[in-house]
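Examining the three-dimensional arrangement
Chain by chain, the residues run as shown.
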Amino acid sequence: MEHECKKCLLYESAEGDILKDIKEKIAKLPEGDRVSSDEYEKRLGFCKDCDNLISGVCMKCGCYVEFRAAFKKQKCPDVKGRKW
Ligand code: SF4
């Protein structure tokens, strides 16, 4: 990671290779397991406003949010203030 960027998603923090890998993995998910693009953007919008986001990683779970947010079965891991 080149630098820590509070409240940045990967596409904003120049982590291009990681983001490319994540996009490829999301594209391979069965459609029934994936959220709609509207829901995906809504989730990422919450993450972008969240203090737990650093350089695309959620400090509550250690996941890249751009990956986690793609799964229907996943939820925001902040049990005290779940945002999606
Ligand atoms: S706590 Fe929830 S809203 Fe915040 S970065 Fe993690 S997944 Fe996103």
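Look up: the structure comes first, before these words.
Here is what the cut-offs are and how they apply
Residues numbered from 1 in each chain as written. Predicted model: local features only at pLDDT ≥ 70, side-chain atom pairs only at ≥ 80, totals over all residues. Helix = DSSP H or I, 4+ residues; strand = E, 2+ residues; numbered from the N terminus. Rg over C-alpha atoms; globule rule 2.2 N^0.38 Å. Buried ≥ 20, exposed ≤ 12 C-beta atoms within 10 Å, placed from the backbone. Near = placed C-beta within 6 Å. Nonpolar A, V, L, I, M, F, W, Y, C, P; charged D, E, K, R; others polar. Core = buried A, V, L, I, M, F, W, Y, C linked by C-beta atoms within 7 Å. Contact = placed C-beta atoms within 7 Å. Expected span 1.5 Å × (residues − 1).

1. Some words on the overall build of the protein
Helix and strand counts for the protein come out as three helices and two strands. When the elements of the protein are put in sequence order from the N terminus, they spell out α-α-β-β-α. A compact globule built from 84 residues should have a C-alpha radius of gyration of about 12 Å, and the protein, at 12 Å, falls within 12% of that. With the C-alpha coordinates of the protein rotated into their principal frame, the extents come out at 35 × 35 × 20 Å. Relative to its 84 residues, the protein shows a buried fraction of 19%.

2. Topic: the site of the ligand
For the ligand, the full set of nearby residues is Phe 46, Cys 47, Cys 50, Asn 52, Leu 53, Cys 58, Lys 60, Val 65, Cys 76, Pro 77, Asp 78 and Lys 83. Tallied by class, residues from the shell around the ligand come to eight nonpolar, one polar and three charged.

3. Considering the environment of Gly 81
Along the chain, Gly 81 falls in the segment after α3 (65-68). Of the residues examined, Gly 81 has 10 C-beta atoms within 10 Å and is grouped as exposed. Distance in space between the C-alpha atoms of Gly 81 and Asp 33 is 24 Å, their sequence separation being 48 residues.

4. Side note on the nonpolar core
Leu 9, Leu 10, Cys 47, Leu 53, Val 65, Ala 69 and Ala 70 form the largest nonpolar core, which has seven residues in total. Apart from the residues within four sequence positions on either side, Leu 9 is in contact with Leu 44, Lys 48, Gly 56, Val 65 and Glu 66.

5. A few points about helix α1 (residues 16-28)
Along its 13 residues, α1 runs 19 Å from first to last C-alpha, staying within 8% of the 18 Å computed at 1.5 Å per residue. The buried count for α1 comes to one of 13 residues, which makes it a mostly uncovered element.

Geometry only, nothing functional implied.
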